[in-house]
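Structural features, examined
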Amino acid sequence: VDGSRNLSLDSIPMGLPMSDPTAWATAMNNLGMAPMGMTGQPLLPDFDPALGMMTGIPPINPMMPGLGIVPPPIPPDMPAVKEIIHCKSCTLFPPNPHLPPPATRERPPGCKTVFVGGLPENGTEQIIMEVFEQCGEVIAIRKSKKNFCHIRFAEEFMVDKALYLSGYRIRLGSSTDKKDTGRLHVDFAQARDDLYEWECKQRMLAREERHRRRLEEERFRPPSPPPVVHYSDHECSIVAEKLKDDKKFSEAVQTLLTWIERGEVNRRTANNFYSMIQSANSHIRRLVNEKATHEKEMEEAKEKFKIALSGILVQFEQIVAVYHSASKQKAWDHFTKAQRKNISVWCKQAEEIRNIHNDELMGIRREEEMEMSDEEIEDPAEMKETEESALVSQVEALKEENDSLRWQLDAYRNEVELLKQEQGKASRDEDTTKEQQLKLLQQALQGMQQHLLKVQDEYKKREAELEKVREDKLKIETLLENLKEQESSTSRICACSQEKECPAEKTLSNSPVKSEREALLVGIISTFLHVHPFGASIEYICSYLQRLDSKICTTEVEVLMTRLQHTFKQELSGVGASLEKRWKFCGFDELKMT
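Model, not experiment: these values are computed from the prediction.

**A short note on the overall build of the chain**
Secondary structure summary: the chain contains 15 helices and 10 strands in total. Counting across all 594 residues of the chain, residues that qualify as buried make up 23%. Long-range pairs, those at least 24 residues apart, make up 61% of the contacts in the chain with a sequence separation of at least 6. Total accessible area on the chain stands at roughly 44,300 Å², and carbon and sulfur atoms take up 56% of it.

Structural data, given as structure tokens:
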């Protein structure tokens, strides 16, 4: 068994003679292998090893063990040439190429197991292994006593190779006995192990996909801002130095803002914070100067743009003048229709572009005029500001000194207000709870009132419905009385008519024949028994009547004949075990006696 599982190309006797190189090349080509001769030289120098290979299946190496038997599946659009396959213990004959391909079920996910039917009765597990191990590594074979088995491979692509053998006729050795032959049917099989491995693989791929997405999200996520250090005297001195530097000003201001929002300002640190705020205030003048330089640069750029735009407009005017001069009659008559059309279109386009640029230039000039007018209005105010600037500088110095004192007072006031607020919160909480309870009670009363109103409306509707029902009841009672009177009158008339018909009914009720059907049965039975003078059994009579009507039963016939004693009579005939009841017709005898 171990030797059969490790078959090589040298150990397999191929049925193709080496003297026919074309047949050998065809077989090797179907296997996706470069055709090699016995000497190791290629039989087909222009061979492409990629032909006949299926996607997902690795290229076949001629040195791989046992791959000289089963080729990989070939695409349906390529003509497949199946050859006779010789194994050590059996031979596989290809199916008719003109027949349709064998039907297969839908492929289960992660299928590595195949169903193989049509095996010979004398086929052993060793022969099955010898045939199908050429498709790939076989993990397990489960053979049944009913000429079929299940084979599980190591990889999914090996199943596609095994399906190639579907339709082949197998013969064990050189025997032609039915027990040594069979037609292989290979199909996909559904196995729990395959499904479990496929689900595990899918979960692993999903985990990898989630991990990859998480890495991408972390890569594209903006970096978090650096953490702000806690306040200390050392850090305060560092931030104060950074506030004086123009390049580190934005970072230091952010740190100062977070410290103030955290509540680091208290009596001990108030002076330090005030000095940092004062140094931050000193940057306002720098920012104003930067803004003024940028505005100056913008005005210079506007001037350049205005000059360039005016030059462009002059050139547009010249181009439009050329078009207008060309459209005069002296030159216009010498142009063709197509040329005139083009010149008129170009003239319109140039005029439209010129008008757009002209409007833009006029808009810039209007803005400048508006700015000039605003400056003229603001001139007297600026004169006043220059006179007051000296006083303002003195006032600001005093204000800065007063502000420091005010902020200290504000700090004390804030502490006092906090204490007052803490005392007032307790009383406010009690007031708010009472107010909430009152609101809830008011809402409950409003709901009760609305419910009472709804109940009253429903009560009124029910009273109206009751009155309607009472009126309907009175009408129905009057109708019933009228109907009773009519019934009493009709009953009297019926009584009179019944008295007249009673004699005839009495005569009918006394007769033994109660219906027309029974009368017909009596006539048919009497004629039947008249033909049989020695009588007949009830079963014989019923069999004759059931030919006419299958619904007739023996009990009905027997009851009818027993009622007519003057027409039919029953007699016993025979002795012992042959005792039998027979019915006879006696109507003529009874008629003579009466």
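**A few points about unusual backbone geometry**
Phi is mostly negative for residues that are not glycine, and the peptide bonds are mostly trans. The phi torsion at Asn 147 lies on the positive side, around 65°, for a residue other than glycine. By the secondary structure assignment, Asn 147 is in the loop between strand 4 (138–143) and strand 5 (148–153).

**Brief notes about the sheet that holds strand 4**
Strands sit in the order 4-5-3-8 across an open sheet of 4 strands; the sheet is antiparallel. Of all strands in the sheet, those with a lone pairing partner are strand 4 and strand 8 (185–188), marking the two edges. Strand-to-strand twist in this sheet, taken as the mean axis angle between neighbours without regard to direction, amounts to 20°. One ladder, built from 4 bridges, connects strand 3 (residues 113–117) with strand 8; its direction is antiparallel. When the bridges of strand 8 are listed, Phe 115 appears paired with Asp 187.

**Here's the deal with the sheet that holds strand 1 (residues 85–86)**
Pairing is antiparallel in the open sheet, where 4 strands are placed in the order 1-2-6-7. Looking along the sheet, the strands with just one partner apiece sit at the ends: strand 1 and strand 7 (181–183). Strand direction decides the pairing type here: strand 1 and strand 2 (residues 90–93), joined by 2 bridges, are antiparallel. Its bridge partner being in strand 2, Ile 85 is matched across the sheet by Leu 92.

**Here we look at the state of the cysteines**
When the sulfur atoms of two cysteines share a covalent bond, that bond is a disulfide. According to the stated counting rule, one finds 0 disulfides in the structure shown. No disulfide involves Cys 87; its nearest neighbouring cysteine sulfur is the one of Cys 90, lying 4.2 Å away.

**What to know about the UniProt feature "coiled-coil region" (unreviewed entry) in the chain**
Per the UniProt record, the feature "coiled-coil region" (unreviewed entry) sits at residues 277–304 and 381–489. Between the end C-alpha atoms of residues 277–304 the distance is 42 Å, and the span holds 96% helix and 0% strand.

So, how was this worked out
- Residues numbered from 1 in each chain as written.
- Predicted model: local features only at pLDDT ≥ 70, side-chain atom pairs only at ≥ 80, totals over all residues.
- Heavy atoms only, no water.
- Helix = DSSP H or I, 4+ residues; strand = E, 2+ residues; numbered from the N terminus.
- Buried < 20%, exposed > 50% of the residue type's maximum accessible area, 1.4 Å probe, protein only.
- Contact = heavy atoms within 4.5 Å.
- Areas by Shrake-Rupley, 256 points an atom, 1.4 Å probe, with all protein chains shown as cover.
- Pairing = 2+ DSSP bridges.
- Axes fitted to C-alpha atoms, helices over the stretch in contact; angles between N-to-C directions.
- Disulfide = S-S within 2.5 Å.
- UniProt positions renumbered as here; feature names shortened; annotations may be inferred.

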